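# Descriptive structure summary
In case you want the letters, here they are:
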Amino acid sequence: MTLEEVMRKLEALGSEQTKRTFIRHGATEPLYGVKIGDLKKLVKDVKKDQNLARALYDTGNSDAMYLAGLSVNPRTMTKETLQDWANKANWSMHAETTVAGVAAESPFALELAREWMDSSDELIATCGWSTYGNYISITPDEQLDIDEIRRLLRQIETTIHTERNRVRYKMNAFVIATGAYIRELHDEAIRVADAIGKVHVNVGPTACKVPEARAYIEKIDARGKIGVKKKTCIC
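These remarks concern the structure in this document.

Definitions and cut-offs
- Residue positions are given per chain, counting from 1 as you read along its sequence in written order.
- For a predicted model such as this one, the threshold for reporting local features is a pLDDT of at least 70, and the threshold for listing and counting side-chain atom pairs is 80 or more; totals across whole chains, interfaces and linings nevertheless cover every residue.
- Hydrogens and water molecules were not included; the side-chain quantities draw on all heavy atoms of the structure.
- A helix here means a DSSP run of H or I that spans at least four residues, while a strand means a run of E at least two residues long, and both kinds are numbered starting from the N terminus.
- Using C-alpha atoms as the atom set, the radius of gyration is obtained and then compared with a globule rule of 2.2 Å times the number of residues to the power 0.38.
- When accessible area is computed with a 1.4 Å probe and restricted to protein chains, residues below 20% of their type maximum are described as buried, those above 50% as exposed, and intermediate ones as partly exposed.
- Any two residues having at least one pair of non-hydrogen atoms within 4.5 Å are treated as being in contact.
- The Shrake-Rupley method, run with a 1.4 Å probe sphere, supplies the accessible areas, and residue values consider only the shown protein chains as cover.
- His is not counted here, nor are the chain ends, while Lys and Arg score as positive and Asp and Glu score as negative.
- We put the charge of a Lys on NZ, of an Arg on CZ, of an Asp on CG and of a Glu on CD.
- Expected helix span is taken as 1.5 Å per residue step, with the number of steps being one fewer than the number of residues.
- Polar contact criterion, stated in full: a pair of N or O atoms within 3.5 Å, where within protein one must be able to donate a hydrogen and the other to accept it, and residues adjacent in sequence count only if both atoms are side-chain atoms.
- Only Phe, Tyr and Trp rings take part, Trp by its six-membered ring, and two of them pair if their centres are within 6.5 Å. Stacked means planes under 30 degrees apart, edge-to-face means over 60, and tilted covers everything else.
- Salt bridges are defined as contacts in which a side-chain nitrogen from Lys or Arg sits within 4 Å of a carboxyl oxygen from Asp or Glu.

### Here we look at the overall build of the chain
- Helix and strand content of the chain: 14 helices and zero strands.
- When its helices and strands are written in sequence order, the chain yields α-α-α-α-α-α-α-α-α-α-α-α-α-α.
- Scaling as 2.2 N^0.38, a compact globule of 235 residues should have a C-alpha radius of gyration of about 18 Å, and the chain matches this with 18 Å.
- With respect to the three principal axes, the spread of C-alpha positions in the chain is 50 × 40 × 35 Å.
- Here the chain holds 235 residues, and the buried ones make up 50% of them.
- A fraction of 70% describes how many contacts in the chain between residues 6 or more apart in sequence connect residues 24 or more apart.
- Carbon together with sulfur atoms contributes 48% to the accessible area of the chain, which is approximately 11200 Å² in total.
- Treating the 34 positive side-chain charges of the chain as one cloud and the 33 negative ones as another, the clouds have centres 6 Å apart.

### Side note on helix 10 (residues 122-138)
- Helix length check: helix 10 (17 residues) gives 25 Å between terminal C-alpha atoms against 24 Å at 1.5 Å per residue, within 8%.
- The element helix 10 is extensively covered by neighbouring structure, given that 14 of its 17 residues are classed as buried.
- In this structure D121 caps helix 10, since a side-chain oxygen of it lies 3.0 Å from the backbone nitrogen of L123.

### Observations concerning unusual backbone geometry
- Looking along the chain, the bond that leaves E29 and enters P30 is cis, with omega of 0 degrees.
- If you trace the backbone, P30 turns up in the loop between helix 2 (16-24) and helix 3 (36-40).

### Focus on the packing of aromatic side chains
- Summed over the entire model, instances satisfying the criterion amount to five aromatic pairs.
- Ring geometry for F22 and W91: centres 6.1 Å apart, planes at 55 degrees, overall tilted. One end of the pair, F22, is in helix 2; the other, W91, is in the loop between helix 7 (79-88) and helix 8 (92-104), and 69 residues separate them in sequence.
- Here Y57 and W85 contribute two aromatic rings whose centre-to-centre distance is 4.0 Å and whose plane-to-plane angle is 5 degrees, an arrangement assigned as stacked. Of this pair, Y57 sits in helix 5 (residues 50-58) while W85 sits in helix 7, and the two are 28 residues apart along the sequence.
- Under the relative-accessibility criterion, Y57 is labelled buried at 1%.

### Remarks on the side chain of E105
- Relative to the helices and strands, E105 resides in the loop between helix 8 and helix 9 (109-117).
- The buried charged residue E105 lacks any salt bridge, with R75 as its nearest oppositely charged partner at 7.6 Å.
- Of the polar contacts made by the side chain of E105, one reaches the side chain of T232; its length is 2.5 Å.
- Sequence-distant contacts of E105, that is, excluding residues within four places in its chain, are made with P74, R75, I138, T232, C233 and I234.

### Section: the environment of K225
- Within the secondary structure, K225 is located in the segment after helix 14 (213-222).
- Remark: the alpha-carbon pair of K225 and A215, spanning 10 residues in sequence, is separated by 14 Å.
- Beyond its immediate chain neighbours, meaning those up to four positions away, K225 contacts A180 and I220.

### Let's talk about the side chain of S137
- Within the element layout of this structure, S137 appears in helix 10.
- A residue is classified by how much of its surface remains accessible, and S137, at 2% relative accessible area, is buried.
- Excluding its chain neighbours within four sequence positions, the residues that come into contact with S137 are Y181, K229, K230 and C233.

### So, the pattern of salt bridges
- Across all of its chains, the model carries 16 salt bridges by this definition.
- A single salt-bridge network, built from bridges that share partners, covers D58, D84 and K88.

Shown next, in the form of structure tokens:
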């Protein structure tokens, strides 16, 4: 498939209702409003052409950018391309899902997560926290820097309520990821979850809610899934 053919398919799959929903969540033009489930139907064809996958992201079309994240092979991504993707992410879904998921499975996951978390740009910073949280979810505990993650939990405990809006959201998610995926830090994550309590995030005119970290971790524990890693964080 050519880039033009994929873009025509995306346009045909789009709907005004889905477009309005994405815009309420922060999406910006251009976009057609394609449901994620419909995007996934195109992945098999796009995956065959990695140049096409990367070209889709460069269109700046939100639907095409998400499809690129679903289709690209993270192991083939250069650090420079990932930096470019992060810089071009113009709303939270791409920063926190598209870019963060690909970066977490790339060879540069920790390097970029650490750099991005310290960014003065809110979307870049939240991308960094999401990248690290995703990395935790797929990486065996023995390969993780437990001391660093413990320090990050302490940082969250003392700074989360004064951080920027979306950074608060992903810091809270980082506590959940730590408590859910790292057995050694489960109790520490619960302690931090209790310390930070309810995290307030402005989610705009949407029905989204910020999960309470302790309750969320306990639900995972009740299912016997603490420490069970995911095969992929790209979705």
